[in-house]
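# Remarks on the overall topology
Single-letter residue listing:
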Amino acid sequence: MQGVSKTFGKIDVLRNVDFDLRAGEIHALMGENGAGKSTLMKIAGGIYHDYRGEMAVFGEPVRFASPRDASRVGIAVIHQELNLVPAMTVAENIFLGYEKVRGIPFLVDRNAQARAAARILDTLNFQASPHAPVSNLRIGEQQLVEVAKALAQNARILVMDEPTSALSVAEAERLHAIIRRLSSEGASIVYISHRMEEVFNLAQTITVLRDGAVAGSLPAAGVSRRDLIRLMVGRDVQEFLSLRSKEVAREPDLDLKPPVLSVRNLWLTHPKPTVSRPRLVDGVSFDVADGEVLGLAGLMGAGRSEVLETIFGAQTMASGGHIRINGQLVTIGSPTEAKQAGLALVTEDRKRDGLVLDAGVDFNLALPVLKQLSAAMFVSRKAENDLAARQIRSLGIRVRSPRQAAGTLSGGNQQKVVLAKWLETSPRILLLDEPTRGIDVGAKAEIYRLIQDLKDRGLAVVLASSELPELMALSDRILVLREGQPTALLKKIEFSPDLIMDYASPGGAVQMVFQGVAGSAPEAESADRITAGRRAGG
Amino acid sequence: MGSRFYAEVLSTFLLRTKLYWSLLILLAVGIITSPVSSKGVNIFLSTGNLSDVLRQVSNNGIVAVGMTLVILTGGIDLSVGSIMALGSVLCAMLLTHDERTSATLLAFPVLAAVCAFCTAWGASYLMGLRDHAAGKKLSSTHRALATGLAGLVAALAAWWLAAAQVQSKFGVIGVLIVVPAVGLAFGWFNGLIITKGRLQPFIVTLAMMVGVLGIARVVAGQDAAVHPVYTGTNATEDFDILRSLLYRIVPVPGLFFLAVVVLSATLLRVTTFGRYVYAIGGNEQAARLSGVEVDRVKIAVYAISGFLASLAGVLYTAQYRQGKPDAGVGMELDAIAAVVIGGTSLMGGKGSIAGTFVGVLIFGFLSNILQLNNIDSNTQLVLKGGIILAAVLVQERSLGDLLGLKYLFSWRSDHSIAAQAHHDFSPQQTGTPASATERQLTDHPLNKGGSGQHLQPSNAKLDSN
């Protein structure tokens with residue numbers, strides 16, 4: 001791939017990326033969340049077609065219009081979220097879209113499919129019945145079905161996006177053995193992973209992406225873990241350094257302040273528990289004081305969002321733990337109760353969870369505080385207009401009219417609307433989940449300033465972010481999560497990208513001793529709350 | 001300024017009033033095609049005919065208003081026809097019997113339960129106010145005891161009063177309380193299953209539709225497919241009020257319809273409840289995370305729908321002088337059609353009672369025009385189907401799109417008109433802003449055809465990111 005660029009709106013996701021994959025090679029693609037790894041591979045797989053740049057497969061220039069085009073020249077992409085139909089059998093999934101037919105078209109030859117599937121599964125040393133429904137298989141086995149699917153289409157280039165993120169160690173080993181064999185048989189493999197050991201074990205070449213550009217492409221032999229981390233995160237840290245050093249200078253002694261929000265042993269059930277990860281969030285404890293920003297760091301799937309959602313009562317699965325607000329033990333079973341307790345949650349996906357997109361900005365701003373704006377059920381139009389005017393002015397939300405539909409605003413302005421609607425509830429504790437995701441640099445700076453402001457005004461903030469520079473600049477302390485469990489609580493002076501990445505990545509360092517399953521103390525168990533399955537949205 | 005400015009003003013005006021244009025066109029067609037009486041009076045325009053139309057649409061209209069609320073939350077209520085039929089059966093039986101019947105067996109416990117629940121809820125609300133004023137809280141046991149007691153008293157009182165009514169056969173006030181209470185209970189049950197059981201509204205209300213039809217038949221009895229009501233002979237005289245013409249022009253069912261329209265439009269436009277309905281339909285997850293009690297609002301919406309359906313059942317009994325279990329067959333589809341013609345999106349979040357009112361009128365005038373022109377009833381159905389499609393197409397497309405205006409004037413791509421015209425969720429505004437269009441394009445089956453897609457500026461999708 002030569003000089004590939006791709007934009008989403010005004011945001012450059014990929015900038016002039018060159019990527020060379022040699023035949024029979026295992027090539028690791030690394031980078032932080034949002035560095036552009038998946039986007040690059042989606043271009044290679046024919047999913048995105050509006051990119052700039054050239055791509056050639058075995059010397060032939062290609063430009064795919066669909067994933068089918070890509071598979072025709074032998075490229076198969078196995079996405080992080082598996083694309084299998086759970087109710088269909090292994091064989092049916094393997095041949096989905098490429099069914100073997102006999103005689104009349106549309107008449108699927110099940111027997112031929114089953115035989116072919118059995119043959120492919122055999123080459124993978126995978127003993128599963130081709131007739132078994134995929135939903136009966138474990139995640140690791142489903143991964144192998146995906147590999148089988150790729151082989152059935154005679155893939156010569158196999159792209160795997162974090163294939164081991166849901167696998168146990170043994171399953172991962174098995175997958176790696178298969179990858180090595182495929183590569184020795186001449187297939188080329190692009191392997192996207194956060195796990196350094198895997199990459200060192202498997203790959204011959206490592207390419208690191210950072211902010212959509214190639215930060216480095218080097219042979220795996222002779223690269224150190226430290227080098228890789230530096231390549232992945234060593235960017236714009238200086239941009240925030242000035243802000244940061246100022247902060248360090250007047251760092252308050254947080255331990256002396258009483259916590260506003262105190263969380264102990266928070267846990268959340270995993271929808272599909274595995275032995276290695278029985279819970280999505282497990283044993284998370286922290287304190288936040290007035291005027292403090294606590295950062296939550298972790299790789300994708302570490303459970304940052306889930307921690308915030310669980311505290312806010314927005315999670316539907318069983319959960320538990322102790323939450324104290326101003327020292328008072330509280331039970332929060334729903335967002336309504338969270339709101340009453342003085343919490344506010346700005347969600348990661350503002351379009352899905354934050355805004356009524358077709359409704360006006362004023363409607364959205366008033367939604368959480370409608371009761372306060374009304375007398376005996378009747379909404380005061382005047383109070384609502386005042387609120388909208390006030391918030392639009394104070395946050396500098398750029399709208400043509402307060403009644404403009406929220407969905408027509410830019411990402412940054414949408415985010416400000418979500419923030420504003422929560423600020424109107426006068427929260428004491430603000431939970432922010434990726435507050436700057438997908439917004440441009442200018443808006444980011446404004447949001448940063450706003451968070452600083454709120455902090456100075458004495459709000460307690462819990463900030464989850466996948467952008468380390470952002471997290472380090474804004475937070476007073478950072479709690480690092482790995483696979484749902486806390487691994488370190490860092491003070492401002494200890495912040496460094498290398499250290500955080502080390503605590504965040506699997507197999508890395510651990511500062512905290514994990515206490516085991518929540519509520520090992522008997523008194524803790526008794527007060528555990530279970531929120532019964534209140535599922536949000538159908 | 002200049003011609004383009006006027007074009008924008010005109011287009012905004014047309015977009016905002018689009019809903020009423022189809023009605024006006026239909027009225028024009030009605031006037032033109034109407035037969036003329038021997039005295040030279042246009043029959044379509046005669047007060048007798050117009051008041052007849054209002055009478056005819058009232059039942060469907062009342063049901064459609066409830067349906068609008070449900071659809072605005074993104075749900076659907078298929079059980080309204082059956083609940084209406086049950087209402088008509090209960091009403092007829094309560095009116096004509098002075099002893100205990102299967103109708104009292106069903107209605108009284110349900111009435112008692114509804115009264116108990118409402119009183120308990122009210123009591124708990126009042127206690128909350130009192131606590132708030134006094135600054136201290138009543139203990140939860142005291143509170144439960146007090147609300148329980150209030151509920152029990154209310155239930156016993158309701159039962160006793162209803163039982164006393166039976167002795168003398170039910171009067172008009174009696175049935176107007178008891179029957180809607182039963183509908184409310186069934187609607188409430190719908191909502192409860194949908195929210196707490198986390199099931200699709202379609203399937204829950206479908207099951208309710210079948211089940212309640214059965215209940216209506218069982219209550220009516222095996223041999224009695226129809227319960228006739230003759231006011232003055234087997235029922236009290238005053239029940240006739242519900243079918244009379246006030247001042248010889250205004251039909252009483254029409255008054256009920258108009259009252260329901262005004263009340264529910266008020267409810268939607270100016271109350272917190274109304275906002276929550278729109279918010280849930282627009283983005284349920286966002287509403288939930290904003291602390292809206294989504295489940296309660298949804299349950300209330302289905303309860304209102306059931307309430308209105310059984311109210312329509314009472315009016316049906318008055319109108320046709322009978323209660324019958326098959327009265328509501330197809331009713332839900334008529335109501336949905338009226339709601340959709342009125343521009344309310346089946347995806348929820350967009351629409352209005354005003355739209356539904358117009359939709360109901362379009363439906364009513366359409367039948368009226370076809371009847372006046374003596375078109376055979378089967379052909380009527382075919383024409384109706386076609387016209388519903390056409391009406392919905394008009395509502396879903398922007399007018400400029402339909403007339404090709406967009407090509408005559410090169411519009412600014414930022415949708416400023418659309419955005420302005422969009423603010424109050426009136427259904428007639430389909431010149432949707434970028435992301436709304438995007439969503440509609442993917443979500444709405446009618447938009448899959450793609451004729452609207454080329455109107456999107458190429459950067460629309462990117463803008464909204």
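This structure is a prediction, so every number in the text was calculated from the model and none was measured.

Here we take up the overall build of chain A. From N to C terminus, chain A includes 19 helices and 22 strands. Counting every position in chain A, which comprises 538 residues, the buried fraction comes to 50%. Residue pairs in contact within chain A that sit at least 24 positions apart in sequence constitute 69% of those at least 6 positions apart.

Summing up its helical and strand segments, chain B has 19 helices and four strands in all. In chain B, which comprises 465 residues, the share counted as buried stands at 49%. Partitioning the contacts of chain B with sequence separation of at least 6, the portion at a separation of at least 24 is 78%.

Time to look at the domain arrangement of chain A. For chain A, the assigned domains are domain 1 (2-233), domain 2 (237-342 + 428-527) and domain 3 (354-426). Here domain 1 of chain A and domain 3 of chain A have C-alpha centroids that lie 44 Å from each other.

Now for the sheet that holds strand β21 (residues 477-482) of chain A. All names here are of chain A. A sheet is described by the order of its strands in space; here six strands give the open sequence β16-β19-β20-β13-β21-β22, paired in mixed fashion. Each edge of the open sheet is held by one strand with a lone partner, namely β16 (343-346) and β22 (485-491). Within the sheet, the average angular offset between the axes of one strand and its neighbour, ignoring direction, is 15°. Direction of pairing for β21 relative to β22: antiparallel, over a ladder of six bridges. Opposite Arg482, over in β22, you have Gln485 as the bridge partner.

All names here are of chain B. Split into domains, chain B comes out as domain 1 (1-34 + 352-465) and domain 2 (58-351). Taken residue by residue, the interface counts 21 residues in domain 1 and 22 residues in domain 2. Considering every element that reaches the side of domain 1 that touches domain 2, the biggest residue donor is helix α13 (residues 353-372), with 10 residues. Residue composition of the side of domain 1 that touches domain 2, by class: 13 nonpolar, seven polar and one charged.

This paragraph deals with the nonpolar core. Counting 275 residues, the largest nonpolar core has Leu431 of chain A together with Val63, Leu90 and Leu111 of chain B as its most contacted members. Non-local contacts of Leu431 of chain A, meaning those with residues more than four positions away in its chain, are made with Leu308, Ile311, Phe312, Leu343, Ala344, Leu345, Val346 and Val462 of chain A.

Here the focus is the sheet that holds strand β15 (residues 328-330) of chain A. All names here are of chain A. Ordered in space as β12-β11-β14-β15, the four strands form an open sheet in which the pairing is antiparallel. With one partner strand each, in any of the chains shown, β12 (279-289) and β15 form the two edges of the open sheet. Each strand of the sheet is rotated relative to its neighbour by a mean of 10°, with strand direction disregarded. Helix α10 (residues 304-311) rests against β11 (259-269), β12 and β14 (319-325) of the sheet, and its axis sits at about 110° to β11.

The subject of this paragraph is helix α12 (residues 331-341) of chain B. All names here are of chain B. Of all 11 residues that make up α12, 10 are buried, and the element is covered over most of its length. For α12, every residue scored as buried is listed here: Met331, Glu332, Asp334, Ala335, Ile336, Ala337, Ala338, Val339, Val340 and Ile341. Positive phi shows up at Gly343, right after α12, with a value of about 90°.

All names here are of chain A. Bridge count between strand β9 (residues 205-210) and strand β10 (residues 213-219): six bridges; the pairing is antiparallel. The partner of Arg210 across the bridge, within β10, is Ala213. Between β9 and the antiparallel strand that follows it, β10, lie two residues; Asp211 among them carries a positive phi value of about 50°.

Turning next to the confidence of the model for chain A. All names here are of chain A. Residues at a pLDDT of 70 or more form 86% of chain A, whose mean pLDDT is 79. When mean pLDDT is taken per element in chain A, strand β20 (residues 460-464) scores highest with 93 and helix α19 (residues 522-527) scores lowest with 36. Within the model, pLDDT remains below 50 along residues 235-251, and this stretch shows 16 contacts once partners closer than five positions in the same chain are excluded. Predicted confidence for residues 514-538 stays below pLDDT 50, and this span has 40 contacts to residues more than four positions away or in other chains.

The subject of this paragraph is the environment of Leu246 of chain B. Residues and elements named next belong to chain B. As for its position among the elements, Leu246 is in strand β2 (residues 245-246). Leu246 gets classed as exposed once you count the C-beta atoms within 10 Å, which come to 12. Each C-alpha atom of the pair Leu246 and Arg4 lies 50 Å from the other, and the pair is 242 residues apart in sequence.

The subject of this paragraph is the packing of α12 of chain B against α13 of chain B. Residues and elements named next belong to chain B. Remark: α12 packs on α13, axes separated minimally by 7 Å, with the N-to-C direction vectors making an angle of 120°. In terms of axis orientation, α12 runs oblique to α13. Handedness of the α12/α13 crossing: right-handed. Residues Asp334, Ala337, Ala338, Val339 and Ile341 of α12 lie in contact with α13, whose contacting residues are Thr356, Gly359, Val360, Ile362 and Phe363. Residue composition of the contact of α12 with α13, grouped by class: seven nonpolar, two polar and one charged.

Where burial is concerned, most of β22 of chain A is hidden: five out of the seven residues are buried. Between the antiparallel neighbours β21 of chain A and β22 of chain A lie two residues, among them Glu483 of chain A with a positive phi of about 50°.

This next bit is on helix α4 (residues 110-123) of chain A. All names here are of chain A. For α4, with 14 residues, the first-to-last C-alpha span of 20 Å sits near the 20 Å given by 1.5 Å per residue. The complete set of buried residues in α4 reads Gln113, Ala114, Ala117, Ile120 and Leu121. Looking down the long axis of α4, one finds its buried residues gathered within 130° of arc, a one-sided arrangement. Counted as exposed and oriented over 90 degrees from the buried face of α4: Asn111 and Asp122.

The next subject is the environment of Ala445 of chain A. Take Ala445 of chain A: it is sitting in helix α16 (residues 441-456). Residues Ala445 of chain A and Gln372 of chain A lie 73 residues apart in sequence; the distance between their C-alpha atoms is 32 Å.

Residue and element names in this part refer to chain B. At a minimum axis distance of 8 Å, the contact between helix α2 (residues 47-72) and α12 shows a crossing angle of 65°. Between α2 and α12, the angle falls in the class roughly perpendicular. Our pair here, α2 against α12, has a crossing hand that is right-handed. Residues Asn60, Val63, Ala64, Met67, Thr68 and Ile71 of α2 form the contact with α12, whose participating residues are Met331, Asp334, Ala335, Ile336, Ala338 and Val339. Of the residues assigned to the contact of α2 with α12, the class counts are nine nonpolar, two polar and one charged.

Glancing now at unusual backbone geometry. Even without being a glycine, Glu434 of chain A presents a positive backbone phi close to 45°. Given 23 C-beta atoms within 10 Å, Glu434 of chain A falls into the buried group. Residues other than glycine seldom take positive phi values, yet Arg198 of chain B does so here, at roughly 50°. Examined against the element boundaries, Arg198 of chain B turns out to sit in the loop between α6 (172-196) and α7 (201-220).

Take the confidence of the model for chain B next. Residues and elements named next belong to chain B. Per-residue pLDDT for chain B has a mean of 80; in total, 83% of the residues score no lower than 70. Confidence, read as mean pLDDT per element, is least for helix α19 (residues 460-463) in chain B (36) and greatest for helix α11 (residues 294-320) (94). Segment residues 406-465: pLDDT under 50, and 107 contacts once partners within four positions in sequence are set aside and those in other chains are kept. Interface scoring of the predicted complex returns ipTM 0.72; its pTM is 0.73.

This paragraph deals with the environment of Ser71 of chain A. Residues and elements named next belong to chain A. With respect to the element layout, Ser71 can be found in helix α2 (residues 67-72). Separated by 26 residues in the primary sequence, Ser71 and Gly45 have C-alpha atoms spaced 7.6 Å apart. With residues near it in sequence (within four places) discarded, Ser71 still touches Ala76 and Gln153.

How each quantity is defined
Residues numbered from 1 in each chain as written. Chains lettered and ligands numbered in written order. Predicted model: local features only at pLDDT ≥ 70, side-chain atom pairs only at ≥ 80, totals over all residues. Helix = DSSP H or I, 4+ residues; strand = E, 2+ residues; numbered from the N terminus. Buried ≥ 20, exposed ≤ 12 C-beta atoms within 10 Å, placed from the backbone. Contact = placed C-beta atoms within 7 Å. Domains from an automatic or database assignment. Pairing = 2+ DSSP bridges. Axes fitted to C-alpha atoms, helices over the stretch in contact; angles between N-to-C directions. Nonpolar A, V, L, I, M, F, W, Y, C, P; charged D, E, K, R; others polar. Core = buried A, V, L, I, M, F, W, Y, C linked by C-beta atoms within 7 Å. pLDDT = per-residue confidence, 0-100. Parallel < 35°, antiparallel > 145°, perpendicular 65-115°, else oblique. Left-handed = near helix turned anticlockwise from the far one by under 90°. Expected span 1.5 Å × (residues − 1). Arc of directions from axis to C-beta.

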